[in-house]
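Summary of the model geometry
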Amino acid sequence: MKIGFDNDKYVRIQSEHIRERISQFDGKLYLELGGKLFDDHHASRVLPGFKPDSKLQMLEKLSNSIEIVIVISAEDIEANKMRADLGITYDEDVLRLREAFMQRQFMVGSVVITHYTGQRAADNFRLRLQRMGIKTYIHYLIEGYPHNVALIASDEGFGKNEFVDTQRPLVIVTAPGPGSGKMAVCLSQLYNENKRGVRAGYAKFETFPVWNLPLKHQVNVAYEAATADLNDVNMIDPFHLDAYGKVAVNYNRDIEIYPVLNALFEGIYGTNPYKSPTDMGVNMVGFCISDNEVCCRASEAEIIRRYYAATNKMADGACNDSEVHKIQMLFNQLKITTDNRRCTVAAKQRKKDSGHTSAAIELEDGTIITSQSSPLLGCCAALLLNVTKHLAGIDHEVKLIPQSMIEPIQKTKIECLGAHNPRLHTDEVLVALSVLSPHDENCRKALESLPKLRGCQIHCMVMLSEVDRKILKKLGCDLTCEPIRKR
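The following paragraphs examine the structure supplied in this document. Keep in mind it's a predicted model, so treat the numbers as computed, not measured.

Description of unusual backbone geometry
- Following Phe208, the chain continues to Pro209 via a peptide bond in cis, the omega torsion being -10 degrees.
- Tracing the sequence through the fold places Pro209 in the loop between β8 (200-205) and α9 (218-226).
- Even without being a glycine, Lys335 presents a positive backbone phi close to 55 degrees.
- Position of Lys335 among the secondary structure elements: in the loop between α14 (321-334) and α15 (342-354).
- Classification of Lys335 as exposed rests on a relative accessible area of 74%.

Thoughts on the sheet that holds strand β2 (residues 66-73)
- Strand order across the open sheet formed by 6 strands is β6-β5-β2-β7-β1-β8, with parallel pairing between neighbours. What marks the edges here is a single partner per strand, and that holds for β6 (136-140) and β8. In this sheet, adjacent strand axes meet at a mean angle of 25 degrees when their direction is disregarded.
- Note that strand β5 (residues 107-116) and β6 share 4 bridges and pair parallel.

Remarks on the packing of helix α8 (residues 182-195) against helix α11 (residues 252-269)
- In the contact formed by α8 and α11, the axes pass within 10 Å of each other and the chain directions differ by 10 degrees. When the axes of α8 and α11 are compared, the pair comes out roughly parallel. Across the interface between the two elements, Met183, Leu187, Leu190, Tyr191 and Asn194 of α8 pack against Asp254, Ile257, Val260, Leu261, Leu264, Phe265 and Ile268 of α11.
- The class makeup of the residues in the contact of α8 with α11 is 10 nonpolar, 1 polar and 1 charged.

So, helix α13 (residues 292-315)
- In this model α13 runs 35 Å from its N-terminal to its C-terminal C-alpha over 24 residues, within 8% of the 34 Å that 1.5 Å per residue would give.
- Here α13 starts with a cap whose side-chain oxygen sits 3.2 Å from the backbone nitrogen of Glu293, and that cap is Asp291.
- In the segment just after α13, Gly317 is the residue with positive phi, at about 110 degrees.

Some words on empty space enclosed by the protein
- Here the structure, examined in full by the defined rule, presents 5 cavities of 30 Å³ or more.
- In this structure, the largest cavity spans a volume of roughly 140 Å³.
- Those elements giving two or more residues to the lining of the largest cavity turn out to be β10 (249-251) and α12 (277-280).
- Classifying every residue of the lining of the largest cavity by side-chain character gives 7 nonpolar, 4 polar and 3 charged.
- As a volume, the second largest cavity reaches approximately 60 Å³.
- Together, Gly378, Cys379, Cys380, Ala381, Asn421, Arg423, Leu424, His425, Thr426, Leu464, Asp468 and Lys486 line the second largest cavity.
- Top contributing element to the lining of the second largest cavity by residue count: helix α16 (residues 379-392), with 3 residues.
- Among the residues making up the lining of the second largest cavity, the classes are represented as 5 nonpolar, 4 polar and 3 charged.

A short note on the sheet that holds strand β11 (residues 358-362)
- An order of β12-β11-β13-β14 is seen for the 4 strands of this open sheet, with the pairing classed as mixed. If you trace the sheet from one side to the other, it starts and ends with β12 (368-372) and β14 (478-481), each paired once. For this sheet, the mean inter-axis angle between neighbouring strands, taken without regard to orientation, is 15 degrees.
- Contacting β13 (457-460) and β14, α13 crosses the sheet at an angle of about 50 degrees to β14.
- Contacting β11, β12, β13 and β14, α15 runs over the sheet at an angle of about 150 degrees to β11.

So, the packing of aromatic side chains
- Summed over the entire model, instances satisfying the criterion amount to 12 aromatic pairs.
- For the pair Phe208 and Tyr223, a centre-to-centre distance of 6.5 Å together with 25 degrees between the ring planes defines the contact as stacked. With Phe208 in the loop between β8 and α9 and Tyr223 in helix α9, this residue pair connects regions lying 15 residues apart in the sequence. There is no split in this pair, since Phe208 and Tyr223 are both buried.
- One aromatic cluster is present, built from ring pairs that chain together Phe5, Tyr10 and Phe50.
- The residue whose ring lies beneath Lys55 is Phe205, and the NZ or CZ to ring-centre distance is 6.0 Å.
- The side chain of Arg196 reaches across the aromatic face of Phe163, ending 3.9 Å from its centre.

Some details on the environment of Ala359
- With respect to the element layout, Ala359 can be found in strand β11.
- Spatially, the C-alpha atom of Ala359 lies 6.8 Å from that of Leu383, the residues being 24 residues apart in sequence.
- Sequence-distant contacts of Ala359, that is, excluding residues within four places in its chain, are made with Ala347, Ile369, Thr370, Ser371, Cys379, Cys380, Leu383, His459 and Cys460.

What counts, and where the lines are drawn
Residues numbered from 1 in each chain as written. Predicted model: local features only at pLDDT ≥ 70, side-chain atom pairs only at ≥ 80, totals over all residues. Heavy atoms only, no water. Helix = DSSP H or I, 4+ residues; strand = E, 2+ residues; numbered from the N terminus. Buried < 20%, exposed > 50% of the residue type's maximum accessible area, 1.4 Å probe, protein only. Pairing = 2+ DSSP bridges. Axes fitted to C-alpha atoms, helices over the stretch in contact; angles between N-to-C directions. Parallel < 35°, antiparallel > 145°, perpendicular 65-115°, else oblique. Contact = heavy atoms within 4.5 Å. Nonpolar A, V, L, I, M, F, W, Y, C, P; charged D, E, K, R; others polar. Expected span 1.5 Å × (residues − 1). Polar contact = N/O pair within 3.5 Å; in protein donor to acceptor, adjacent residues only side chain to side chain. 1 Å grid on protein atoms, 1.4 Å probe; cavity = no way out; pocket = protein on both sides within 12 Å on 5 of 7 lines; lining within 4 Å. Points joined across faces, edges and corners; volume = space filled by probe spheres on them. Phe/Tyr/Trp six-rings, centres within 6.5 Å; stacked < 30°, edge-to-face > 60°. Lys NZ or Arg CZ within 6 Å of the ring centre and 35° of its normal.

Written out as structure tokens, the structure reads:
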């Protein structure tokens, strides 16, 4: 896709800015890491050119000074909250993150379970971590948080939390997702470090919202869509406006927590080095957008993708009406509809013309390829064959997989495996192509074209099976589905 973000510039100036922030404090700095570190796919979608692991590459330069603390909410453990982009629960993602950090030679010191009120699932997870030899700490839910400053900054508030023992000067506090309690862990550590006579600092490394872009810029609105389930709201930072007379964008949770941080810093140092929640951040993304139009269009596509994800959850029985309504409100703000995504329009048209379940993909160069279901193939399995033939320069009339091979597979699915749908799924099509490829040059060329699907946009007119969704995700496609179940 067209590039709208200068990733090399970002890595350079972001790392310089973090070094400057570290130098402002002596001995210990807690750096809250918002968003994803290894795989920030949201950022890479709304800022084409942003590499999902660019933040990690930057921090690797400081790895000898860094210690990682991973935070997870007991409420998310209890609710089995999922990372939609990876299809795993938050507790499993804690273990994935820990392993990924350690493979990159980062020190992972401990895991902190926040918002604890005695949840049995949290107790079980803590026991599991302890059996694995992982240091684990409990931070409690504080009544009136974040507004009851007197209680929070006391021995009955932060003082009640278990103190996280850290060894290195730069402590990166991260989590599987938003709302995990990362900032509260940092603030709790500042309070308890001070009780132990240690001067510690705090900074926030968060990508969105982008503080120096307009409040209703598409990139910032896409962040609201991404956090619609949390009901996050982008706001003008009133503290920044009052202190400097300049407009800066932040979000409600940071603005709400600022008085707590202000009171804590004043209690520790006598003065607060930060005059606003925006001052706490070290985000330089807004200085690295190279093509604003490209990022705006990509962000609109992301908002549409988030809308379909929310409506699909609703079709699965989730009570997320408010999430859907909020994204619809964002549609109205930007004056967009689902028809702003080209593959969505193409899939709808193919269904209208054919009368069959259909799908469409937009390729890197803007080419649209469509497909429809048949007695042999599901619409996305057919789409894979159509698009790989196009990319490999194979005539559309060529049948890559002969019917004589498909029918025995269908017979096995129905008669032996008890399946109700005889049509081949995407994984079965790829296996068939693989079997044929040693003796069929077209099948080999089709398989070799698969990497070109990464980053492409797909829309399907029905909700796909789990296996189809996983295959398309592994191929790197951004998939949306109409909230309609297969019959």
